[in-house]
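# Residue-level structural notes
Listed below are the residues making up each chain.
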Amino acid sequence: MHRGLYAAASAMIVQETMHDVTANNLANVSSSGFRKRIPVNKSFPEVLMDRVEKPSEDGAIKLVSAPFQLGFKGKFLIGDLSLANVMSETYMSTEEGAIQVTDAPLDAAILGEGYFTVQDGAGSLFYTRSGHFQRSAEGQLVTHDGMAVLGEGGPVEFGDAAEVSIGGGGQIIADGEIIDVLQVVTFPNPTYLRQAGRTTLAATENSGAPAALEAEEIRIEAGALEMSNVNVVEEMVRMVEAQRAYEASSKTLMTHDELTGKLITSFGRTS
């Protein structure tokens, strides 16, 4: 294996992934409830380096490149060396976004920790910070992409109510009466929630199981939306850094390839 080529190629893959994550953050800068993701890379894999000694004909010790040569005296550990830089994971930033007042009766923004619980047509549960809700043709409270919003009694049903709204404690109000309360949950490690859609999240083993907040713990700003927590300037800087690092790694790869070609050519001429 050519270590230089391997290291340069792996660095290009890392920077390409970082560029994609940043581009996704920028694409959702106007999506309510979207929380940016931050890429994390690490050195991997690490291999042990040995010094192998072999006695020469005159009794002196000389170094050899592999322990399988006959007559080697022994090998001694030098240390470890990382072969490449690889993408480890992306984690979600839990920093809250700015609150934008909309005065829409079914818009809701969570203040502090918590996630709305929503359900798709197959019954799978997801979680979101986006409170941009609406009333479906069937009289249900749904997200902007059609997922059912859950209350303590399951999917929220308005029935034939003429006026509907959401209260400051997450109460679902229909014609002046409270019919349900929004199901808001928290997680032990929310940074490990997996992004399942533009603003929807799915629980993972690392995030832990959701725990429902009690009614008195829910704090909602009605008629408002939490906006994305993406900082455009930071993301643009990160994108430029990733692009420049990718270009540098690409040049390194081409240099190693050129030098390797010259080395092969030189040995070929002397053989």
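From a predicted model like this one, the values you see are computed outputs, not experimental measurements. (Residues numbered from 1 in each chain as written. Predicted model: local features only at pLDDT ≥ 70, side-chain atom pairs only at ≥ 80, totals over all residues. Heavy atoms only, no water.)

Going through the model one piece at a time under the given rule, you end up with 3 aromatic pairs. Measuring from centroid to centroid gives 5.9 Å for Y115 and F187, while their planes differ by 70°, and the two rings are edge-to-face. In this pair, Y115 sits in strand β8 (residues 115-119) while F187 sits in the loop between β17 (184-186) and β18 (194-195), placing the two residues 72 residues apart along the sequence. Both residues of the pair, Y115 and F187, belong to the buried class. Ring centres 5.1 Å apart and planes at 75° place the aromatic pair F116 and F133 in the edge-to-face group. In this pair, F116 sits in strand β8 while F133 sits in the loop between β9 (125-128) and β10 (134-135), placing the two residues 17 residues apart along the sequence. The structure contains a cluster of three or more aromatic residues connected by ring pairs, namely Y115, Y127 and F187. In this structure, R129 is placed above the aromatic ring of Y115, and the distance from its NZ or CZ to the ring centre is 5.9 Å. (Phe/Tyr/Trp six-rings, centres within 6.5 Å; stacked < 30°, edge-to-face > 60°. Helix = DSSP H or I, 4+ residues; strand = E, 2+ residues; numbered from the N terminus. Buried < 20%, exposed > 50% of the residue type's maximum accessible area, 1.4 Å probe, protein only. Lys NZ or Arg CZ within 6 Å of the ring centre and 35° of its normal.)

Attention shifts here to unusual backbone geometry. Backbone geometry places D103, a non-glycine residue, at a positive phi of 65°. Position of D103 relative to the elements: it lies in the loop between β6 (99-101) and β7 (108-110). For D175, which is not glycine, the phi torsion reads 50° and is therefore positive. Mapped onto the elements, D175 comes out in the loop between β15 (171-174) and β16 (177-181).

To continue, consider helix α1 (residues 3-27). Taking 1.5 Å of rise per residue, the 25 residues of α1 would be expected to cover 36 Å, and the 36 Å separating its terminal C-alpha atoms lies within 8% of that figure. Listing the buried residues of α1 in full gives G4, A8, S10, A11, M12, V14, Q15, M18, V21, T22, N25 and L26. (Expected span 1.5 Å × (residues − 1).)

With that settled, consider the side chain of S207. Position of S207 relative to the elements: it lies in the loop between β19 (200-202) and β20 (211-212). Within the local environment of S207, its side chain forms a polar contact with the backbone nitrogen of T204, the two atoms lying 2.9 Å apart. Setting aside residues no more than four positions away along its own chain, S207 makes contact with F187, P188, N189, Y192 and L193. (Polar contact = N/O pair within 3.5 Å; in protein donor to acceptor, adjacent residues only side chain to side chain. Contact = heavy atoms within 4.5 Å.)

Let us look at the pattern of salt bridges. Applying the stated criterion across every chain, the model contains 5 salt bridges. A salt bridge links R129 to E226; the shortest N-O distance between them is 2.8 Å. With a gap of 97 residues between them, R129 in the loop between β9 and β10 and E226 in strand β22 (residues 224-226) connect regions that are remote in the sequence. Each of the two residues, R129 as well as E226, counts as buried. Between E235 and R238 there is a salt bridge, with its nearest N and O atoms 2.9 Å apart. Highlighted residues: E235 and R238, both in helix α2 (residues 232-270), separated by 3 residues, approximately one helical turn. The class for E235 is buried, based on a relative accessible area of 0%. You can call R238 partly exposed: its relative accessible area is 22%. Put simply, R35, R129 and E226 are held in one network by salt bridges that share partners. (Salt bridge = Lys/Arg side-chain N within 4 Å of Asp/Glu carboxyl O.)

Under the UniProt annotation, "domain: Flagellar basal body rod protein N-terminal" (unreviewed entry) lies at residues 5-35. The annotated region residues 5-35 carries 74% helix and 0% strand content, and the separation between its end C-alpha atoms amounts to 36 Å. (UniProt positions renumbered as here; feature names shortened; annotations may be inferred.)

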